[in-house]
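What follows is each chain in one-letter form.
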Amino acid sequence: MNGRTLTPQQRAEFDAFAARAQALGLSPSPFRTGTWGRIDADGRFREVARVDVGEPGQPGFRGRTHIHVPPDFSDHSDPQTPFLGEYQR
Amino acid sequence: MSQIEDFSILAYLHDAQVHRLVYYYVGADSRRCLELLVCGHKDCGYKLWAKKNVVLTFFDCLMVGGCLCGHMLGADSIDSFRTNYLLPEVEAKVAIGVMAGLRESPVKISVAFSSGTELSIACELVTVFVADRQDEDQECRSL
């Protein structure tokens, strides 16, 4: 996390997101905390969901916790936004 | 093109899509430069950069180090910049150079991408240029 030290609350936000991603069978990126996806048949990682935990004092979405999920992956979604397939099982 | 004095402005590049990273040589004495071309996110919060091609140039690099993660398919984006910070292995190399008599760089900055890519750069200055879409044939409209 770029040398960043997380507060307990920030840690909890990562953990909550991780629990949801794991429930959908996603795997964590080996190289970036908060990024979840699948390793495809070609051995490459396809990102499916990501949480960006906000850093207090930073402007814009850098300072606000948000998630990226399909179908509008590039949008900044509220952390409670369901993943594709979540709640539909 | 303008020189960045207040690096806190780079926080607005969070989630900017990364298009290009180029290490090149410029000028009569071939100073080392690193260029990062990104597209500002539409909701970045800084009107001048929203949905624009933004070119950051790290000029006269003393040292660039880190790790480029190429494991991920699909777009990569900027996660964060951290000023006055170098990854420990880069800081150690800079220290060796300075001990040997090299001039220390005034700018020390690290950038993290959402893929996990992390780069630390010790350089003379950083400039920013907002490019016209005609100038930079990149896909900025998808954001």
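Residues numbered from 1 in each chain as written. Chains lettered and ligands numbered in written order. Predicted model: local features only at pLDDT ≥ 70, side-chain atom pairs only at ≥ 80, totals over all residues.

**Topic: the overall build of chain A**
No. 1: Scanning chain A from terminus to terminus reveals one helix and four strands.
No. 2: Taken over C-alpha atoms, the radius of gyration comes to 13 Å for chain A, in line with the 12 Å a tight globule of 89 residues would show.
No. 3: On the principal axes, the C-alpha backbone points of chain A span a range of 40 × 25 × 25 Å.
No. 4: The 89 residues of chain A split such that 27% are buried.
No. 5: Across chain A, contacts joining residues at least 24 apart in sequence account for 21% of those joining residues at least 6 apart. (Helix = DSSP H or I, 4+ residues; strand = E, 2+ residues; numbered from the N terminus. Rg over C-alpha atoms; globule rule 2.2 N^0.38 Å. Buried ≥ 20, exposed ≤ 12 C-beta atoms within 10 Å, placed from the backbone. Contact = placed C-beta atoms within 7 Å.)

**Looking at the interface of chain B and chain A**
By convention, interface size is frequently given as the accessible area that disappears when the constituent parts associate.
No. 1: With 24 residues of chain B in contact, the opposing surface of chain A contributes 18 residues.
No. 2: For the side of chain B that touches chain A, the secondary structure elements donating two or more residues are β6 (72–73), β7 (76–83) and β8 (107–113) of chain B.
No. 3: Sort the elements by how many residues they give to the side of chain B that touches chain A and β7(B) lands first, with three residues.
No. 4: Partitioned by chemical class, the residues of the side of chain B that touches chain A number ten nonpolar, nine polar and five charged.
No. 5: As defined by bridge partners, strand β3 (residues 45–52) of chain A adjoins β6(B) across two bridges and the pair is classed as parallel. (Nonpolar A, V, L, I, M, F, W, Y, C, P; charged D, E, K, R; others polar. Pairing = 2+ DSSP bridges.)

**A few points about the nonpolar core**
Residues and elements named next belong to chain B.
No. 1: Among the nonpolar cores identified, the biggest contains 31 residues, and Leu13, Ala16, Val38 and Val54 are the most heavily contacted of them.
No. 2: For this core, the secondary structure elements donating two or more residues are β3 (31–39), β4 (53–59), β7, α1 (88–99), β8 and β9 (118–123).
No. 3: It is β3 that contributes the most residues to this core, five residues altogether. (Core = buried A, V, L, I, M, F, W, Y, C linked by C-beta atoms within 7 Å.)

**A word on the environment of Leu86(B)**
Residue and element names in this part refer to chain B.
No. 1: Relative to the helices and strands, Leu86 is located in the loop between β7 and α1.
No. 2: C-alpha of Leu86 to C-alpha of Gly66: the two residues are 20 residues apart in sequence and 9.1 Å apart in space.
No. 3: Residues within four places of Leu86 in sequence aside, it is in contact with Glu91, Val94, Lys108, Ser110, Ser120 and Ala122.

**Points about the environment of Ala18(A)**
No. 1: For Ala18(A), the position within the fold is in helix α1 (residues 8–23).
No. 2: Distance in space between the C-alpha atoms of Ala18(A) and Thr33(A) is 9.3 Å, their sequence separation being 15 residues.

**With respect to the confidence of the model for chain A**
No. 1: Scored by pLDDT, chain A has a mean of 89; 92% of the residues are at 70 or more.
No. 2: Across chain A, the element-wise mean pLDDT spans from 92 in α1(A) up to 96 in strand β1 (residues 27–28) of chain A. (pLDDT = per-residue confidence, 0-100.)

**Thoughts on the sheet that holds strand β10 (residues 125–131) of chain B**
Residue and element names in this part refer to chain B.
No. 1: Pairing is antiparallel in the open sheet, where nine strands are placed in the order β1-β10-β4-β3-β2-β7-β8-β9-β5. Whereas interior strands pair on both sides, the edge strands pair on one side only; in this sheet they are β1 (2–3) and β5 (63–67).
No. 2: For β7 and β8, the ladder comprises five bridges, and the chain directions are antiparallel. When the sheet's bridge partners are listed, Ile78 is paired in β8 with Phe113.
No. 3: Relative to β5, α1 is tilted by about 155 degrees, and along the sheet it contacts β5 and β9. (Axes fitted to C-alpha atoms, helices over the stretch in contact; angles between N-to-C directions.)

**Things to note about unusual backbone geometry**
No. 1: The omega torsion across Pro70(A) and Pro71(A) is 5 degrees, close enough to zero to call that bond cis.
No. 2: Here Pro71(A) shows up in the segment after β4 (66–68).
No. 3: Positive phi, normally seen in glycine, also occurs at Asp15(B), with a value near 70 degrees.
No. 4: With respect to the secondary-structure elements, Asp15(B) resides in the loop between β1 and β2 (17–26).
No. 5: Of note in the backbone geometry, Asp60(B) takes a positive phi value of approximately 55 degrees without being a glycine.
No. 6: Among the residues examined, Asp60(B) registers 17 C-beta atoms within 10 Å and is labelled partly exposed.

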